[in-house]
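Report on the structure
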Amino acid sequence: MTETQGPAHKRKMTRRKVVVAGGAAVAAVGVGGGIAVNAFAGETTTDTSSSSSSAETCYKLTTETTEGPYYIDADKIRQDITEDQEGIPMTLKLKVIDAETCKPVQNAAVDIWHCTALGVYSGYEAMGSGGGGGGGAPSGAPTDAPSGTPSGTPTGAPSGGTGGGHSEPTDDERYLRGTWKTDKHGYVTFKTIFPGWYQGRCVHIHVKVHVDGTWTDAGYEGGHTCHTGQLFFDEKSVLASAEVEPYSTNTTTRTTLDEDTIYPDNGHEGGLLYLKYNKKHIAKGVLAHLTMGVAPDETHDSTDTQPSASASAG
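Presented here is an overview of the structure given in this document. (Residues numbered from 1 in each chain as written. Predicted model: local features only at pLDDT ≥ 70, side-chain atom pairs only at ≥ 80, totals over all residues. Heavy atoms only, no water.)

Notes on the pairing of strand 5 (residues 109-113)
In terms of burial, strand 5 is a largely internal element, five of the five residues being buried. Along strand 5, one buried face is formed by A109, D111 and W113 and the opposite face, lined by V110 and I112, is buried too. Both strand 5 and strand 8 (residues 204-216) contribute to a ladder of five bridges, which runs antiparallel. When the sheet's bridge partners are listed, W113 is paired in strand 8 with H206. (Buried < 20%, exposed > 50% of the residue type's maximum accessible area, 1.4 Å probe, protein only. Helix = DSSP H or I, 4+ residues; strand = E, 2+ residues; numbered from the N terminus. Pairing = 2+ DSSP bridges.)

Side note on the sheet that holds strand 8
Taken together, four strands build an open sheet; the order of strands is 6-5-8-9 and the sheet is antiparallel. On the outer flanks of this sheet lie strand 6 (177-181) and strand 9 (219-232), each paired with one strand and no other. When the angles between neighbouring strand axes are averaged without regard to direction, this sheet yields 20°. (Axes fitted to C-alpha atoms, helices over the stretch in contact; angles between N-to-C directions.)

Comments concerning the pattern of salt bridges
Taken as a whole, this structure holds five salt bridges when the rule is applied. K208 is the salt-bridge partner of E67, the closest N and O atoms lying 2.8 Å from each other. Taken as a pair, E67 in the loop between strand 3 (57-61) and strand 4 (89-98) and K208 in strand 8 lie far apart in primary sequence, 141 residues in all. R254 serves as the salt-bridge partner of E235, at 2.6 Å between the closest nitrogen and oxygen. (Salt bridge = Lys/Arg side-chain N within 4 Å of Asp/Glu carboxyl O.)

Let's talk about unusual backbone geometry
Residue E245 is joined to P246 through a cis peptide bond whose omega torsion reads 5°. Take P246: it is sitting in the loop between helix 3 (235-241) and strand 10 (274-277). One non-glycine residue with positive phi stands out, namely D212, at about 65°. In this structure D212 comes out as exposed when scored by relative accessible area, which is 60%.

Here is the structure:
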């Protein structure tokens, strides 16, 4: 699978102020907490945080990136998005704050979606090889710039527009996709697997934040998308994952973080996750966390990050 987004995106990004969590280790919380405790008790771990302080620091940064072609309003209101997918278990904890006031954003709907260990997105299996040892990159992703503007309001799991050259789903699978709400402190936690890779992109997770809607028994309705971005993984963690099955069977040439044309290249301020895992046994599990600054009064549904014709996006 390929997506279109290039250096032009890095030049045009809007400046934002964000609170980035310090380097203190994340406790096992929410869904998947038990896994995290068992994985790390009494073992040496590595944390990609650059500071050992638990204090939070305000930065100016751009957090908006392309939505990519594979967003689906999946109506999957859940914290555990793993389904039957094989891979390194991962607990992802995000904190959403107002970038102007640094106060937590409560009851926001947070979407995440990412590919399997072999680089396949649910809903688009026909575009990827998947399956034993192939791990080939999905093909057939659009390479042209997006056209038109999103319409309608979210129902169920919130939708956030179709920026980034949206592709229509090819199947009804919805693994590794889900939506959950932030608590009164702005936190949301998901249980998933460490993502794999496909041609043209580094390892990443897509994320959207929706606000001003209403939570009902049916899901999340109304509101608007105030943030569309991606979360990234440092090269050391990806190399460690590549030694573990099924990642080790993925033969697709991997794009590194430095080579990726969408990563804004500004560290944690641009979506680079803080990670904690046993550096000798990453297969036991990964804890990932980040604080994201958003502008709740604004709309960012990917149409403000126009891809260039020379890059790939997904």
